[in-house]
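# Close look at the chain arrangement
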Amino acid sequence: EPEVTQTPSHQVTQMGQEVILRCVPISNHLYFYWYRQILGQKVEFLVSFYNNEISEKSEIFDDQFSVERPDGSNFTLKIRSTKLEDSAMYFCASSLDRSSGNTIYFGEGSWLTVV
Amino acid sequence: RKEVEQDPGPFNVPEGATVAFNCTYSNSASQSFFWYRQDCRKEPKLLMSVYSSGNEDGRFTAQLNRASQYISLLIRDSKLSDSATYLCVVNLESSYKLIFGSGTRLLVRP
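Below you will find a few notes about this structure.

Basis of the calculations
- Residues numbered from 1 in each chain as written.
- Chains lettered and ligands numbered in written order.
- Predicted model: local features only at pLDDT ≥ 70, side-chain atom pairs only at ≥ 80, totals over all residues.
- Heavy atoms only, no water.
- Helix = DSSP H or I, 4+ residues; strand = E, 2+ residues; numbered from the N terminus.
- Rg over C-alpha atoms; globule rule 2.2 N^0.38 Å.
- Contact = heavy atoms within 4.5 Å.
- Areas by Shrake-Rupley, 256 points an atom, 1.4 Å probe, with all protein chains shown as cover.
- Salt bridge = Lys/Arg side-chain N within 4 Å of Asp/Glu carboxyl O.
- Pairing = 2+ DSSP bridges.
- Axes fitted to C-alpha atoms, helices over the stretch in contact; angles between N-to-C directions.
- Buried area = accessible area lost by both parts, 1.4 Å probe.
- Polar contact = N/O pair within 3.5 Å; in protein donor to acceptor, adjacent residues only side chain to side chain.
- Nonpolar A, V, L, I, M, F, W, Y, C, P; charged D, E, K, R; others polar.
- Phe/Tyr/Trp six-rings, centres within 6.5 Å; stacked < 30°, edge-to-face > 60°.

## Focus on the overall build of chain A
- Across its full length, chain A carries zero helices and eleven strands.
- When the helices and strands of chain A are read in sequence order from the N terminus, they spell out β-β-β-β-β-β-β-β-β-β-β.
- A globule of 115 residues ought to have a C-alpha radius of gyration of about 13 Å, and chain A, at 13 Å, matches this closely.
- In terms of its C-alpha atoms, chain A occupies a principal-axis envelope of roughly 35 × 25 × 25 Å.
- For chain A, restricting intrachain contacts to residue pairs at least 6 apart in sequence, the fraction spanning at least 24 positions comes to 54%.
- A total of about 5,800 Å² of accessible surface is found on chain A, and carbon and sulfur atoms cover 44% of it.

Below, the structure is given as structure tokens:
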């Protein structure tokens, strides 16, 4: 079964440092997403990306965050200056069609710990 | 009011039991509805879509009541492997995002 792959699986970083989380979506998918889940809380939407631009973003996705698809295969989430409250599991996802919950595939997540 | 609300549980049931979870959503523009399953520190995985007419997949039955903005999941003949957190998820019309509830934790004991 095709899968979304994410790296790193776990990263520890110091407050104020930049972090880049990487994702390889399923190859023929056109829509890409980042979600996050703070420990013990719900999964929250961050951003969706289609046709090389952000199609929707949440209030969480402020100027500290950016996304990029630099080479046609990787999809990255950059956090410019991490805060303690950025500690969370970050899930990348992709879909062939616009987000519908039965066509979206999630990666296994990147666990970010900010100290 | 939370966009998607669920009883956090945990529901602690013996193997073979029938258990039901409920979920309410606040936005009447919600268009699509799903139940996802999440194991501890893993990604959410689609369990089933929820249709207005109600639908069944093996031991799992989902129901949707649009008038009451209410979704349910029934699990029959619970297995130990059903132990997980069950997430109620909705998708708004004209939106790219999925809106997750906080989940209901199920523990199935031998």
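Having put the structure on the table, let's press on.
## A look at the pattern of salt bridges
- Applying the stated criterion to the full structure yields five salt bridges over all chains.
- When the shortest N-O distance is used, the salt bridge between Asp-39 of chain B and Arg-37 of chain B registers 2.9 Å.

## Focus: the sheet that holds strand E7 (residues 65-68) of chain A
All names here are of chain A.
- Sheet architecture is open: four strands sit in the order E1-E3-E8-E7, paired in antiparallel fashion. Each edge of the sheet is formed by a strand with only one pairing partner; in this case those strands are strand E1 (5-7) and E7. When the angles between neighbouring strand axes are averaged without regard to direction, this sheet yields 20°.
- Across four bridges, E7 lies against strand E8 (residues 75-79) in antiparallel orientation. Across the sheet, Glu-68 pairs through a bridge with Thr-76, a residue of E8.

## Digging into the interface of chain A and chain B
- Each partner contributes residues to the interface: chain A has 23 residues there, and chain B has 20 residues.
- Ranking the residues of chain A by area buried against chain B places Lys-42, Arg-98 and Phe-106 of chain A at the top, with a combined share of 26%.
- In this assembly, chain A and chain B are joined by zero salt bridges.
- The interface formed by chain A and chain B holds four residue pairs in polar contact (both at pLDDT 80 or more) in total.
- Among the elements of the structure, strand E4 (31-37), strand E5 (43-50), strand E6 (53-57), strand E9 (88-95) and strand E10 (104-106) of chain A are those that each provide at least two residues to the side of chain A that touches chain B.
- In terms of residue count, the dominant contributor to the side of chain A that touches chain B is E4 of chain A (four residues).
- Residues that form the side of chain A that touches chain B fall into these classes: eleven nonpolar, eight polar and four charged.

## So, the side chain of Ser-58 of chain A
Residue and element names in this part refer to chain A.
- Within the fold, Ser-58 resides in the loop between E6 and E7.
- Polar side-chain contacts of Ser-58 include one of 2.8 Å to the backbone oxygen of Phe-45.
- Not counting residues within four places of it along the chain, the set of residues in contact with Ser-58 comprises Phe-45 and Leu-46.

## Structural notes on the environment of Ser-28 of chain B
- As for its position among the elements, Ser-28 of chain B is in the loop between strand E3 (19-25) and strand E4 (30-38).
- Each C-alpha atom, one on Ser-28 of chain B and one on Leu-73 of chain B, is 20 Å from the other, the two residues being 45 residues apart in sequence.

## Focus: the packing of aromatic side chains
- What the rule picks out here adds up to 16 aromatic pairs over all chains.
- Taken together, a centroid distance of 4.3 Å and an interplanar angle of 5° make the contact between Tyr-31 of chain A and Tyr-50 of chain A stacked. Of this pair, Tyr-31 of chain A sits in strand E4 while Tyr-50 of chain A sits in strand E5; the two residues are 19 residues apart in sequence, bridging distant segments of the chain.
- Measuring from centroid to centroid gives 6.2 Å for Phe-106 of chain A and Phe-100 of chain B, while their planes differ by 75°, and the two rings are edge-to-face. Taken together, the positions of Phe-106 of chain A in strand E10 and Phe-100 of chain B in strand E10 (residues 98-100) put the pair across two chains.

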